[in-house]
Amino acid sequence: MSAVGNIIKKELKELLTPATFIPIIIIAAIYGSMGGSIQEIQKEAAEPPIIGVINEDNSSLSNVVNNVLMTNAEVVFNSTSSNDIEFGLKTINEQQGVALIVIDKNFTSRITNEEYGNIEIYWIMKGAGILDSISSSGVEYLLRVINTNISEQLIKSNTSINASVILTPTQKVETTYFKGKEFKGLSPNSIVNMLSSQSILIPIIMMMIIIMAGGIVITSMALEKENKTLETLLTLPVKRTSIVSGKIIASAIIGFLLALIYMVGMSYYLQGFSQGGSIIAKYNLVLNTQGFIIVGISLFVTLIAALALCMLLGTFAKNYKSAQTLTFPVTMLALIPMFISLFMDFDTLPLAGKVFVFAIPFSHPMMAPRALIFGDYTFVFSGIAYSAIFAIVTIIVVVWIFNTDRILTGSTKRKREGRRSIINIFRGRRF
Amino acid sequence: MAAIEVKNLVKKYGTIDAVKDVSFTVNNGEIFGLIGPNGAGKTTVLRIISTILRITSGSVKVLDYDLYKNAGEIRKMISYLPEDAGAYKNLKGREYLEFIARFFNNGKKTQEMVEKGVLIANLGDRINDRVDTYSKGMMRRLLVGRALMIEPKLAILDEPTSGLDVINAQEIRKIIKNTTEAGTTILLSSHNMLEVELLCDRIALIAEGKIVETGRPKDLMGKYNARNIEEVFTRVVK
């Protein structure tokens, strides 16, 4: 074998390890599943929207509207009286529809009198994720078609109506129903935008803290082993719980500081995209003081859970290089809920998706602001409870590992002794 | 009261028997050496006595405390210097000594302990430099200072002069010898037979996880009609 061949063979042997391939395989799987979800959404968007129609006008131009809707949408409710709005909404909601469209009784006469014809749209909003608003885009498209068709008819009839009315003959009067609340004058898209501007910061802060502080914990454990300081530390008169909690708290402080520096720049950047505060306040789409405190508690509990998980992973780290590999699963667990909370709504996820997202403790502070705005306290408190249980169990496991040979040798002792040390943790006995 | 009593100690790593039925006693105030080649089980025995590895079977008493039941008490009285140990590289030498001292004392007593460590390490002004600028010899001296500044009742030193040049090794041997005069018992491991002859009051020869001979260096040399411990070891193992 040539010298080059010899070196290539050695390099391949060193580089072809599970640690090299597993992260890439996971990323590929995630992209694959995301692609599948997007295809599903595109398929859904391509299907005719499910709507209801109330035509109070029944004259030439309102019939143009009616024809467009009947031809291009799946109309599950049809009426001529605005008294049926409530019943219509109920029917559409049962049929998983997106909107009830009411054509005003003066629709045609307003347009011929050079006023915009009113189309009232009652939106039934399912979720507040960016991808959830795709379902309303089908109806938005039909409204553009309606405008075009009415304009065409007005032009053909050689009318002397004002050009601006001819070009845009209708105006929307929108009301959106979402999670038991009524938002007059708002479309689902504007609600999604408002909520995004309110809840985008928390997921990004959480993700940054977890990745930064988590990396610090894992690296700290790896360096203790690599620099051979861990053996000395373990022989000092200090409780294992003190070592574990000391490392977690120090990393949390550093993580907060790093995230704070990052967020100063990020918040200025996001200000450019946020909605006006007065509009958000008008619709009560803001967190109150109590909400902020609850989100803070959720953040704190989740951070402890995240760092405990990182400590657990850190016990597997042999050196700095292996620590870098071990930060990958934590990074992924932080990124997945961040993207889900930005693009989708927990309520509109399939059951398996809900279980998956709920099981990741990092998801909860990311989803908490939106849930609190809509008064879903049960969801937020159950998330805090779950994260707290996750943190406690993980810390117990880490302390147990610190009490076994695994921390130094990479393998635990017999099962009997392992059980004995867990019992001793509860008894407060040190080893 | 013996400083260490080891009875029928067995330690397994999975299917590997690292220590096989080892028994020995270390008396108070003596320097006891565990002597053997690499992989003989010396470090495992020292780690067990230092409370960081668990035993598979047998019993170990340190300063009259049961190793399993009273590990916390034992840690207050012992000091362990692992082979090739390091210190926190972002700390200065003095800061590292302060970090360790704070586990044993508070306030003025901490400073007294640190000053003792500075004296033992004998690094001059370099004690105020970052640890990552130290040579191997300086690092070892800092760590010996760290191990002995707390005035432990038992100091467990794993290859204390490993990898050091003659001058540094001699310095450290001198420090170890002086420490026993203050009442500290020393358990050390080494594969340097000359060092053992010079330092230890008694030794145990260990090979393949078993203690094959115990006694005073001079007595063993007489028993095996050998000129040095190296010859004793070769004859015992054969």
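Owing to the predicted nature of the structure, the values given are computational and were not obtained by experimental measurement. (Residues numbered from 1 in each chain as written. Chains lettered and ligands numbered in written order. Predicted model: local features only at pLDDT ≥ 70, side-chain atom pairs only at ≥ 80, totals over all residues.)

In this section: the overall build of chain B. If you tally the helices and strands in chain B, you get nine helices and 10 strands. Here the C-alpha atoms of chain B give a radius of gyration of 18 Å, agreeing with the 18 Å that 2.2 N^0.38 yields for 238 residues. Seen through its principal axes, chain B has C-alpha atoms that stretch 50 × 40 × 35 Å. In chain B, which comprises 238 residues, the proportion classed as buried is 45%. Across chain B, the fraction of contacts at a sequence separation of at least 24, relative to all contacts at a separation of at least 6, is 67%. (Helix = DSSP H or I, 4+ residues; strand = E, 2+ residues; numbered from the N terminus. Rg over C-alpha atoms; globule rule 2.2 N^0.38 Å. Buried ≥ 20, exposed ≤ 12 C-beta atoms within 10 Å, placed from the backbone. Contact = placed C-beta atoms within 7 Å.)

All names here are of chain A. If you check which residues of helix α4 (residues 85-94) are buried, you get Gly88, Leu89 and Ile92. Take α4 and look down its axis: the buried residues cluster within an arc of 100 degrees, on one side only. Residues of α4 that are exposed and angled more than 90 degrees away from the buried face: Glu86 and Glu94. On its buried face, α4 sits against β1 (50-55), β2 (74-79), β3 (99-103) and β4 (117-124). Gln96 occupies a position one or two residues after α4 and carries a positive phi of about 60 degrees. (Arc of directions from axis to C-beta.)

Residue-level contacts link 23 residues of chain B with 19 residues of chain A. Elements with a contribution of two residues or more to the side of chain B that touches chain A: α2 (71-77) and β6 (78-81) of chain B. Here the residues of the side of chain B that touches chain A are counted per class, giving 13 nonpolar, five polar and five charged. (Nonpolar A, V, L, I, M, F, W, Y, C, P; charged D, E, K, R; others polar.)

All names here are of chain B. Of all five residues in strand β3 (residues 31-35), five are buried; the element is thus mostly enclosed. Of the two faces of β3, both are covered, the one formed by Ile31, Gly33 and Ile35 as well as the one formed by Phe32 and Leu34. One ladder, built from five bridges, connects β3 with strand β8 (residues 185-190); its direction is parallel. Note that in β8 the partner of Ile35 across the bridge is Ser190. Sheet analysis places β3 next to strand β9 (residues 202-207), joined by four bridges and oriented parallel. Looking across to β9, one finds that Phe32 is bridged to Arg202. (Pairing = 2+ DSSP bridges.)

Attention shifts here to the domain arrangement of chain A. All names here are of chain A. According to the domain assignment, chain A contains domain 1 (16-46), domain 2 (47-193) and domain 3 (200-427). The partner domain 3 presents 10 residues to the 12 residues of domain 2 that form the contact. Broken down by class, the residue content of the side of domain 2 that touches domain 3 amounts to five nonpolar, three polar and four charged. (Domains from an automatic or database assignment.)

As a further point, take the packing of helix α9 (residues 201-226) of chain A against helix α16 (residues 363-373) of chain A. Residue and element names in this part refer to chain A. Interhelical geometry of α9 versus α16 gives an angle of 165 degrees and a closest axis separation of 8 Å. In terms of axis orientation, α9 runs roughly antiparallel to α16. Considering how the two elements wind past one another, α9 and α16 form a crossing that is right-handed. Contact residues: α9 offers Ile202, Pro203 and Met206, while α16 offers Pro365, Met366 and Pro369. Among the residues forming the contact of α9 with α16, the class breakdown is six nonpolar, no polar and no charged. (Axes fitted to C-alpha atoms, helices over the stretch in contact; angles between N-to-C directions. Parallel < 35°, antiparallel > 145°, perpendicular 65-115°, else oblique. Left-handed = near helix turned anticlockwise from the far one by under 90°.)

What follows covers the sheet that holds strand β1 (residues 4-13) of chain B. Spatially, the four strands line up as an open sheet ordered β2-β1-β4-β5 (chain B), and their pairing is antiparallel. The two strands at the open ends of the sheet, each matched to only one other strand, are β2 (16-26) and β5 (65-66) of chain B.

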